[in-house]
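Results of the structural survey
Here are the chains, one letter per residue:
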Amino acid sequence: MAASTAPVRRAPVGKRLGMAILPVYTGFVVLYLFLPILVMAVFGFNDIQGRFNFTWQGFTLEHWANLFNRYPALNQSLLNSLTVAVISTLVATTFGTLIGLALTRYEFRGRGPLNLLIFLPIATPEIVLGASLLAMFVSIGWARDITTITIAHIMFNISFVVVTVRARIAGFDRALEDAAMDLGADEWTTFRKITFPLIFPGILAAALLAFALSIDDFVITQFTAGQTITFPLWVYGASRIGVPPQVNVMGTLIFLIALVGIGLWILLQRRELSAAPTSMER
Amino acid sequence: MTTHRTRTTFAILGLCLALILASCGIEPEDSPGSTSSVDPGDSGATDSAAPSQAAVGGGEPEDVLNFANWPLYIDEDDDGNRPTIDQFEEATGVDVTYTESIEDNNSFFGTIQPALAAGDDTGYDIIVMTDWMIGNMARLGYLEPLNVERDVPNFLENADAVYLDRSYDPGNIYSVPWQSGITGIGYNPELVDEEITSLAQLFDPELIEKYCGQIGMFIEMRDAMSLAMLYNGVTPSEATMEDAEAAQQTLLDQAPCVRDYYGNEYAQGLADGSLAITMAWSGDVFQLQLDNPDLQFVVPDEGGILWTDNMAIPKGAAHPNAALAMMDYVYDPEVAAQITEWVNYITPVPGAQEIILQHVADAEAEDDAETADYLRAVAESPLVFPTADMLDRLFSYKVLDEEEERAWNELFDEVVAG
Amino acid sequence: MPSWLRRHRGLVPYLFLVPGGLWLIAFFVIPLITVASVALQEGSLGTGYRLTFNFGIFPDAIARWDTQLLRSLQFGLIVTVLAMLIGYPMAYTIAFRGGRYKNILLLLVIMPFFTSFIIRTISWKFILADQGFVLGTLKDIGIVEPGFRLIATPVAVIAGITYNFLPFVVLPLYVALERIEPRLIEAANDLYASRFQAFIRVTLPLSISGVFAASLLSFIPAVGDYLNAELLGSRNETMIGNVIQRLYLVNNDYPQASALSLILMLGILVSVFVYRRVLRGQELTV
């Protein structure tokens, strides 16, 4: 490897400064990304007197203490959100994984239109997705409630699952399957013992993505909810009156849980990597 | 992808499209009001005085009651319980499901309309709608008629006479009032160094120049248009199409200085100092005054709006007797007082004021100065118990038919969407 | 595997496709067709709607709401450019300088988005408040004049939307940049290209696919967004999403709202196709 001999050499100080710009910039961006989170977390400890939570009035832990007592409607909305998220994740992940398997491992006609069908929901603005569902439900007289929310969430999640799973399945080494079958395993056993465990991380990632998208969905839910309230809808309604600190606490909690989850995931990955080599080694 | 396959695909899709387009339509099934024609000259009253069906009720309350209301519209304690609901449950044995699912009259109506059109149970036994929506729903046949004399005697006994015959529901065939409120002007004397007494100080572009960017208006079409009409010297309930267009022009002239068109969030604007002068509701300002006593609410000289939110029973409700029992229950002056002490809007039961003053005396006897002061503020506030002078200057919304509503919406949409 | 399935092996992929495919057709395609149908209907919620093939509604709607449509496209464009300007250096740093911390940095970018979208936007409303801790302090010091405000201005809305879609920009850019062989850049340096030249002529073109994906993933949702405009903007920032939402959920004016939804989709599709053309053109020149 030849050392680079560029005709113009920058002065060391300037170069070091130049090198530092990008990381510093990254630091600022990360700070900017986290600012609202910080604000949200801090104001979960605000000791408010009246209804409004935007001037600091003192520190208190009471909102953490009576997190689930104060607003029964808030609890119900969380329950609704979780219910919808769990069901839509399970269904969408199943449907999407099947489609992903079909797309990457089988030959069939209609590939083009299918790809379009999968891609379009991702490319359509949420408001159009939600509004069109509303229009259809109204047209056929289907009252909107938690069922219609779940239907909508399954719909948009399928596409995301397919895209996520496909990447993982495509990178999967078919030679392993062939090897298994050469050794006498039938298709189902091969799938169960070889294929599925190896593509499982991709499926899991897709499921997590679907879950996150469903829990936080606002626009599509607002159109298909009728009077059912999910957590984002409750926060939105409350924001017009005065967001109670319990919302901040819950947001902080969700964030922390996700943080812990990610931490565990990283730890697991490290362990998986340092354990016996998988198909990633060629 | 071969062109042959593309063409086939599109051909099939096109065929499906044509078939579905041809058969699609949003048809309401046969409901009493779906074919009703609109009387162009009928601006104040509902279609017919006497309902074609017999009133609901007259039986024992069922086991369950589904009550839909606006947020913060019934008393609540610090643990999230609702004393009035709990007491009602204890007194009658009815299990109440109280949901604050009404954020907007039209939005809510949009969600229950499919059931009403199909003649199904909406899932609610009591809904609380603003007066004009009651008028609309009654005209469409979507409300159950009531026999107030038989089933809600407390109303006849305790309600103020003015509620016994409102223009949107003469004879109280379909509804009884829940709470009323005043739409007027709220302002922050720290930012406004003069006294606000006239709508001109809210609408006149020259006068609002110095507060440009700190003016608040409602996104509620009827509130905003009616106030503009009052500024133009028009009585809202008698407004013509020309008056509406003039009102729109007033609003458009005002718009450059308006910070935003709010639902309930204007209260936060007043509280945090981003709004100097704004349209406001009496109950909200009263509550803001608890934190900041300097904030003012005024019924302008030209007039303000007195609106009433009413309890009604949607058609096909499963538990009408329980609903009527609840309606009767809240007209007991003690209960009315309890609700008003928390909600701070205008109760239809004038007797509540005396009871609140009694509570003041009780609190003082127990050396609870904080509660006593608060309750006294409630009992003596003209925002909760308006004076006759104020009531003289208060007007009602116009009850619009469909044509008018669409036209007014169009006019107002232009104002709200820049 | 059951014998009948083994015999009809060719059917297996279709079987896999059926559940998801049918769901998408039933709840994505058909609703879109319904929107087209409802747009052509007339009537009201009380008296019912009839399919009258009212094609006139499209030019009417465009004429009435042209300001909002243009504004949405405009905002979408600004947001995309901003997000690209902010996100590209970010993605570059993570891809080329990240080293062992790559994954952690990526996670740092994504993590804020584990909180509710609404809560984040409301927090911004609070941060940017007239007398909030940012502006209030600046006003007290005197850097900013007392009447200045950010909320209810286009700045707040654009800032809010950009913030919300930043990870959607950073991630695809990172993926594209990460695939670039560092040796290519070394080769460029060996051939006397400065760092800047190497970037412009090697790195950037090689990351175009990421740029394309990133711009789509921010432009499309940005154009249709309405929450930021509602919470952070005034009437002068009303976007077409706000109009559609109001017409659907407040006015219950389904035909006009449906027509606008279709127009919005069309506007986006056209923009995407034009953009794709432009990028392809760029790729061909060296």
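Rules of the game
Residues numbered from 1 in each chain as written. Chains lettered and ligands numbered in written order. Predicted model: local features only at pLDDT ≥ 70, side-chain atom pairs only at ≥ 80, totals over all residues. Helix = DSSP H or I, 4+ residues; strand = E, 2+ residues; numbered from the N terminus. Contact = placed C-beta atoms within 7 Å. Rg over C-alpha atoms; globule rule 2.2 N^0.38 Å. Buried ≥ 20, exposed ≤ 12 C-beta atoms within 10 Å, placed from the backbone. Domains from an automatic or database assignment. Core = buried A, V, L, I, M, F, W, Y, C linked by C-beta atoms within 7 Å. Nonpolar A, V, L, I, M, F, W, Y, C, P; charged D, E, K, R; others polar. Pairing = 2+ DSSP bridges. Axes fitted to C-alpha atoms, helices over the stretch in contact; angles between N-to-C directions. Left-handed = near helix turned anticlockwise from the far one by under 90°. pLDDT = per-residue confidence, 0-100. Bend = angle between axes of the 7 residues up to and from the residue. Right-handed = clockwise from strand over helix to strand, strands pointing away. Parallel < 35°, antiparallel > 145°, perpendicular 65-115°, else oblique.

Turning our attention to the overall build of chain B. Looking only at helices and strands, chain B has 18 helices and 10 strands in total. Considering only contacts within chain B whose residues lie at least 6 apart along the sequence, 79% involve residues at least 24 apart.

What follows concerns the overall build of chain C. The secondary structure content of chain C amounts to 13 helices and two strands. Its C-alpha atoms give chain C a radius of gyration of 24 Å, more than 25% over the compact-globule value 19 Å for 286 residues. With respect to the three principal axes, the spread of C-alpha positions in chain C is 80 × 75 × 40 Å. Here chain C, with 286 residues, has 50% of them falling under the buried criterion. Across chain C, the fraction of contacts at a sequence separation of at least 24, relative to all contacts at a separation of at least 6, is 68%.

What follows deals with the domain arrangement of chain B. All names here are of chain B. By the assigned domains, chain B splits into domain 1 (64-180 + 307-351) and domain 2 (183-304 + 392-416). Its C-alpha centre places domain 1 at a distance of 27 Å from the equivalent point of domain 2. The interface of domain 1 with domain 2 comprises 10 residues on the first partner and 11 residues on the second. With three residues, helix 4 (residues 131-140) is the largest single contributor of residues to the side of domain 1 that touches domain 2.

Let us now look at the nonpolar core. In terms of nonpolar packing, the biggest core is built from 273 residues, with Ala131 of chain A, Met326 of chain B together with Ala91, Leu173 and Leu260 of chain C touching the most fellow members. A domain split of this core shows at least three residues from each of domain 1 (64-180 + 307-351) and domain 2 (183-304 + 392-416) of chain B.

In this section: the interface of chain A and chain B. Taken together, the contacts link 22 residues of chain A with 23 residues of chain B. Among the secondary structure elements, those contributing two or more residues to the side of chain A that touches chain B are helix 3 (72-105), helix 4 (111-123) and helix 5 (126-139) of chain A. In terms of residue class, the side of chain A that touches chain B is built from nine nonpolar, 10 polar and three charged.

On to the pairing of strand 4 (residues 175-187) of chain B. Residue and element names in this part refer to chain B. Burial runs high along strand 4: 13 of the 13 residues are buried. Two strands pair when backbone bridges link them, and strand 4 and strand 9 (residues 304-312) are joined in this way by eight bridges, in the antiparallel orientation. Bridged to glycine 181 within strand 9 is tryptophan 307. One ladder, built from five bridges, connects strand 4 with strand 7 (residues 277-281); its direction is antiparallel. Considered in strand 7, the bridge of tyrosine 187 is made with isoleucine 277.

Between chain A and chain C, the residue contacts involve 69 residues of the former and 65 residues of the latter. Of all the secondary structure elements, the ones that give two or more residues to the side of chain A that touches chain C are helix 1 (12-42), helix 3, helix 4, helix 5, helix 6 (146-170), helix 8 (187-216), helix 10 (231-239) and helix 11 (245-274) of chain A. Element by element, the count of residues in the side of chain A that touches chain C is highest for helix 1 of chain A, at 13 residues. Considered class by class, the residues forming the side of chain A that touches chain C number 57 nonpolar, eight polar and four charged.

This paragraph deals with the packing of helix 3 of chain A against helix 8 of chain A. Residue and element names in this part refer to chain A. At a closest axis distance of 8 Å, the pairing of helix 3 and helix 8 adopts a crossing angle of 140 degrees. Helix 8 is crossed by helix 3, and the crossing has right-handed handedness. Mapping the contact onto sequence places Ser81, Val84, Ala85, Ser88, Thr89, Ala92, Thr93, Gly96 and Thr97 in helix 3 and Ile203, Ala206, Ala207, Ala210, Phe211, Ser214 and Ile215 in helix 8.

This paragraph deals with the environment of isoleucine 199 of chain A. Residue and element names in this part refer to chain A. On the secondary structure map, isoleucine 199 appears in helix 8. Residues isoleucine 199 and serine 159 lie 40 residues apart in sequence; the distance between their C-alpha atoms is 18 Å. If near-sequence neighbours (up to four positions away) are discounted, isoleucine 199 is found in contact with Arg168, Ile169 and Phe172.

Moving on to the environment of phenylalanine 75 of chain C. All names here are of chain C. As for its position among the elements, phenylalanine 75 is in helix 3 (residues 57-97). For the pair phenylalanine 75 and glutamate 181, spaced 106 residues apart in the sequence, the C-alpha separation amounts to 35 Å. Ignoring any residue separated from it by four or fewer positions in sequence, one finds phenylalanine 75 in contact with Val157, Ile158, Ile161, Ala222 and Met239.

Right, let's get into the confidence of the model for chain B. In this model, chain B carries an average pLDDT of 85, and 87% of its residues clear a pLDDT of 70 or more. No element of chain B has a lower mean pLDDT than helix 1 (residues 3-23) of chain B, at 55, and none a higher one than strand 3 (residues 126-130) of chain B, at 95.

Glancing now at unusual backbone geometry. One non-glycine residue, asparagine 172 of chain B, lies in the positive phi region at around 50 degrees. Its location among the elements puts asparagine 172 of chain B in the loop between helix 6 (153-158) and strand 4. Assessed through the 21 C-beta atoms surrounding it within 10 Å, asparagine 172 of chain B is described here as buried. Backbone geometry at phenylalanine 53 of chain C places phi at a positive 50 degrees, although glycine is not the residue there. Residue placement: phenylalanine 53 of chain C occurs in the loop between strand 2 (48-51) and helix 3. On the neighbour-count criterion, phenylalanine 53 of chain C (12 C-beta atoms within 10 Å) is exposed.

So, on to helix 8 of chain A. Approximately 50 degrees is the largest bend angle found in helix 8 of chain A, and it occurs at phenylalanine 196 of chain A, with the proline proline 197 of chain A only one to four residues beyond. Those residues of helix 8 of chain A that sit buried are Ile199, Gly202, Ile203, Ala206, Ala207, Ala210, Phe211, Ser214, Ile215 and Asp216 of chain A. Check the buried side of helix 8 of chain A and you find it contacts helix 3, helix 6 and helix 10 of chain A together with helix 5 (117-127) of chain C.

Given 3.6 residues per helical turn, the α-helix brings residues three or four places apart onto the same face. All names here are of chain B. Most of helix 14 (residues 333-343) is tucked away: eight of the 11 residues are buried. Buried-residue contacts for helix 14 involve helix 2 (83-92), strand 4, helix 12 (282-291), helix 13 (320-329), helix 15 (351-365) and helix 16 (369-380). Once helix 14 ends, the next one or two residues include asparagine 344, with phi positive near 65 degrees.

Now for the environment of arginine 222 of chain B. Along the chain, the position of arginine 222 of chain B falls in helix 9 (residues 221-231). In this structure, the C-alpha to C-alpha distance between arginine 222 of chain B and valine 335 of chain B, residues 113 residues apart in sequence, is 31 Å.

Residue and element names in this part refer to chain B. Pairing of strand 1 (residues 64-68) with strand 2 (residues 95-99) involves five bridges; the strand directions are parallel. Across the sheet, valine 64 pairs through a bridge with aspartate 95, a residue of strand 2. Between the parallel elements strand 1 and strand 2, the chain passes through helix 2 in a crossover that is right-handed.

Bringing the packing of helix 3 of chain C against helix 12 (residues 240-249) of chain C into the picture now. All names here are of chain C. Between helix 3 and helix 12, the least distance of the axes is 8 Å, while the angle of their chain directions is 130 degrees. Of the possible angle classes, the one that applies to helix 3 and helix 12 is oblique. Between helix 3 and helix 12, the residues in contact are Trp65, Gln68, Leu69 and Ser72 and Ile240, Gly241 and Val243, respectively. Class assignment of the residues belonging to the contact of helix 3 with helix 12 gives a composition of four nonpolar, three polar and no charged.

Turning our attention to the confidence of the model for chain C. Residue and element names in this part refer to chain C. Predicted confidence across chain C gives a mean pLDDT of 85, with 95% of residues reaching 70 or more. With pLDDT under 50 throughout, residues 282-286 is counted as low confidence; its partners more than four residues away or in other chains account for one contact. Here the prediction assigns the complex a pTM of 0.82, and the interface score ipTM is 0.80.

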